[in-house]
Amino acid sequence: MDAIEVGKRVKQYRENAGLTQNALATRAGVAPSYIPDIEKGKKCPTVQTLGYICFGLGITLAEFFRDSDEQKELNSTIQNLTARLSSKQQTMLLDFLKTI
């Protein structure tokens, strides 16, 4: 994966999380100017720094590098499973997941 693809994925995950570039930088413990440079493909973070960024995004490195088709399939599976739950069960599941 090249710097441009890494940048696109960071931006996609950041926007999906509803975070600004500054908010993500703060969560990841990097300079505020670093996130825009990554998203534009100007800089490519080390694996360690990308791990901090993923932590700030609330995802794992494995999720970050997962193939988009594989991610879509996983999301579909999760939606199908949770659709069978009642509203109360969905809330309980979400509360449980937040604790782990």
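The structure this text deals with has already been given above.
Not measured: the values here are computed from a predicted model.

A.B. asks: So what's going on with the nonpolar core? Residues and values would help.
C.D. replies: Counting residues in each nonpolar core, the largest one holds 17 residues, and the members touching the most others are Val10, Leu24, Ile53, Leu57 and Phe64. Put simply, the parts of the chain that give this core at least two residues each are α1 (3-16), α2 (21-28), α3 (34-39) and α4 (47-57). It is α4 that provides the largest number of residues to this core, a total of four residues. Excluding residues that lie within four positions of it along the chain, Ile53 makes contacts with Val10, Leu24, Ala28, Ile35, Ile38 and Pro45.

A.B. asks: Describe α2, naming the residues involved and giving the relevant values.
C.D. replies: Of all the residues in α2, the buried ones are Leu24, Ala25 and Ala28. Considered in projection along α2, the buried side chains sweep an arc of 100 degrees and stay on one side of the axis. Turned more than 90 degrees off the buried face of α2, the exposed positions are Thr26 and Arg27. In this structure, the buried residues of α2 make contact with α1, α3 and α4. Positioned one or two residues after α2, Gly29 has a phi angle of 75 degrees, which is positive.

Each value, and the rule that gives it
- Residues numbered from 1 in each chain as written.
- Predicted model: local features only at pLDDT ≥ 70, side-chain atom pairs only at ≥ 80, totals over all residues.
- Heavy atoms only, no water.
- Core = buried A, V, L, I, M, F, W, Y, C linked by side-chain atoms within 4.5 Å.
- Buried < 20%, exposed > 50% of the residue type's maximum accessible area, 1.4 Å probe, protein only.
- Helix = DSSP H or I, 4+ residues; strand = E, 2+ residues; numbered from the N terminus.
- Contact = heavy atoms within 4.5 Å.
- Arc of directions from axis to C-beta.

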